[in-house]
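Below are the chains, spelled out letter by letter.
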Amino acid sequence: MRRPSRRVALTLTAAGLLTADAVAAFAGGSPTVPQGNGSQQAELVGRSVLPSATFGEQVSSGALASPANGVTPPFPAQPIQGFSGLLRDGDDWLVLEDNGYGTKANSADFLLRVIRVHIDTTTQQTTVLDGGFSLSDPDGKLPFPLTRSDRRLTGADLDPESFQRMPDGTFWIGEEFGPSVVHVDAQGRVLSAPVQPEGVRAPEAWDLGGAAPTLGSSKGFEGMALGVDGHTLYPMLEGAVAGDDPATRRIYSFDTRRGVYTGLKAKVRFEVPGNALGDMVALDQNRFLVLERDNGQGPTAQLKAVYLVDTRDIDRDGYADKRLLSNLMAIPDPQGVGGAKGGYFTFPFVTIEQIAVLDDHHIIVGNDNNYPGSAGRTAGVPDDNEHVVIQLDEDLQVDPALASINARGGRAR
């Protein structure tokens, strides 16, 4: 496996994203290990964990959530969990929490937030920092009644699953209840009405008006990439639209300057119709990294993977070209970063919903721990929030414009 230079390794270490052992490995080389099914060229070089029982704002939460894994809600403070989007914020990161406890019906007391964290793979500990913000609609831009009179948004109002920061510091959020994209300012205040794709409505949509939904529940915009131009978004559906092949997932194009969809960017064929999208990120105008997952966890998990998707459809079969980049169920771990020295580290979570590019050879991936409901790591124990850094042998050749956006977290210089 090709190693990045020691200079690159030390740069990543200074940013807290590689361990000292990994740097030594870069200098001297690591043992060769089998590459899974023969097509994976990746290895684990960093890991960091935020314990599942981490709580934030002192508000009661989870009154309608179900007991699970030895934990009985409600909670006297809101759990910090459900990470479904990841953006760099200087030396730290912003993570987007989803709707809370899994459904519109049980999440009216989960406040929607963006959390700021420090991910440190040297100590392997993630810490929550000041500087996050709540989502709210003080100016009444959302076209439906809200749960709270103070107009702070909850998991009964929207289900945020993906986000991107624009050069002016505002954010666009992809959510599942519409599905729609929602524009908010740097403090999380909604700036304009949600924009929904024509002919696509989830069962939770606020404007069904008795019409049949065309999308499954919680199958809306799960991933959303920012394009090279800095103002085009590529939101991607988690599930198939009625009338499409069940294994088809649509990627749309959305012009943030005009606030309109400009068509389909591509269609992607998933390995199994029941598989779900976890997240996505752009490499250039045509290539994306896509997280695909099945619905299993622990011993029932079979497919959790990062694919490289090329929307140019070179083979002309009507779908984006797609190939495996990293099998998250068996990541080679020659240095024992994840405790499996010389063996394989597994990421067996039911929902893996964060991906970001660090440089041409490194990506970071994180799970949505669904506290307290998921127990993929250890049966009967709520999953922690985990992030892993994966080194890729392949040069991703990230477009310089996107590399600059990734480095500064989408903010203007």
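Quick caveat, the model's predicted, so the values are computed rather than measured.

Q: I'd like a description of the packing of aromatic side chains, backed by residues and values.
A: Enumeration according to the criterion identifies 16 aromatic pairs in this entry. Between F133 and F171, the ring centres sit 5.4 Å apart and the planes meet at 45 degrees, which makes this aromatic pair tilted. Of the two residues, F133 sits in strand β5 (residues 125–134) while F171 sits in strand β7 (residues 171–175), which places them 38 residues apart along the sequence. Exposure class is identical for F133 and F171. Each is buried. Their ring planes at 15 degrees and their centres at 5.9 Å tell us that F163 and F171 sit as a pair that is stacked. Feature note: the residues F55, F75, Y101, F110 and Y371 constitute an aromatic cluster, connected by ring pairs. The ring of Y319 is capped by R269, whose NZ or CZ atom sits 4.1 Å from the centre of that ring. The cationic tip of K322 hangs over the ring face of Y307; the distance from NZ or CZ to the ring centre is 4.3 Å.

Q: Explain the nonpolar core to me, using residue names and the numbers behind them.
A: Ranked by internal contacts, the top residues of the largest apolar core, which has 56 residues, are L289, V306, L328, I363, V365, I390 and L396. In this structure L396 touches L283, R287, L289, L325, V357, D359, D360 and I363, once residues within four positions along its chain are discounted. Core analysis: the next-biggest nonpolar cluster, separate from the first, contains 24 residues, A65, V71, F110 and V190 among them.

Q: Could you give an account of the environment of T103, with specific residues and numbers?
A: Mapping T103 onto the fold places it in the loop between β3 (92–97) and β4 (113–120). Through-space distance from the C-alpha of T103 to that of A65 is 9.4 Å; in sequence the pair is 38 residues apart. A distance of 3.3 Å separates the side chain of T103 from the backbone nitrogen of A105, its partner in a polar contact.

Q: Report on the environment of T147, specifying residues and quantitative values.
A: If you trace the backbone, T147 turns up in the loop between β5 and β6 (160–165). Distance from T147 to D109, taken between C-alpha atoms, is 8.7 Å for residues 38 residues apart in sequence. The contacts of T147, once residues within four sequence positions are left out, are A108, T154, A156 and D157. Looking at T147, its side chain comes within polar contact range of the side chain of T154, at 3.4 Å. A polar contact of 3.0 Å, which involves the side chain of T147, links it to the side chain of D157.

Parameters and conventions
- Residues numbered from 1 in each chain as written.
- Predicted model: local features only at pLDDT ≥ 70, side-chain atom pairs only at ≥ 80, totals over all residues.
- Heavy atoms only, no water.
- Phe/Tyr/Trp six-rings, centres within 6.5 Å; stacked < 30°, edge-to-face > 60°.
- Helix = DSSP H or I, 4+ residues; strand = E, 2+ residues; numbered from the N terminus.
- Buried < 20%, exposed > 50% of the residue type's maximum accessible area, 1.4 Å probe, protein only.
- Lys NZ or Arg CZ within 6 Å of the ring centre and 35° of its normal.
- Core = buried A, V, L, I, M, F, W, Y, C linked by side-chain atoms within 4.5 Å.
- Contact = heavy atoms within 4.5 Å.
- Polar contact = N/O pair within 3.5 Å; in protein donor to acceptor, adjacent residues only side chain to side chain.

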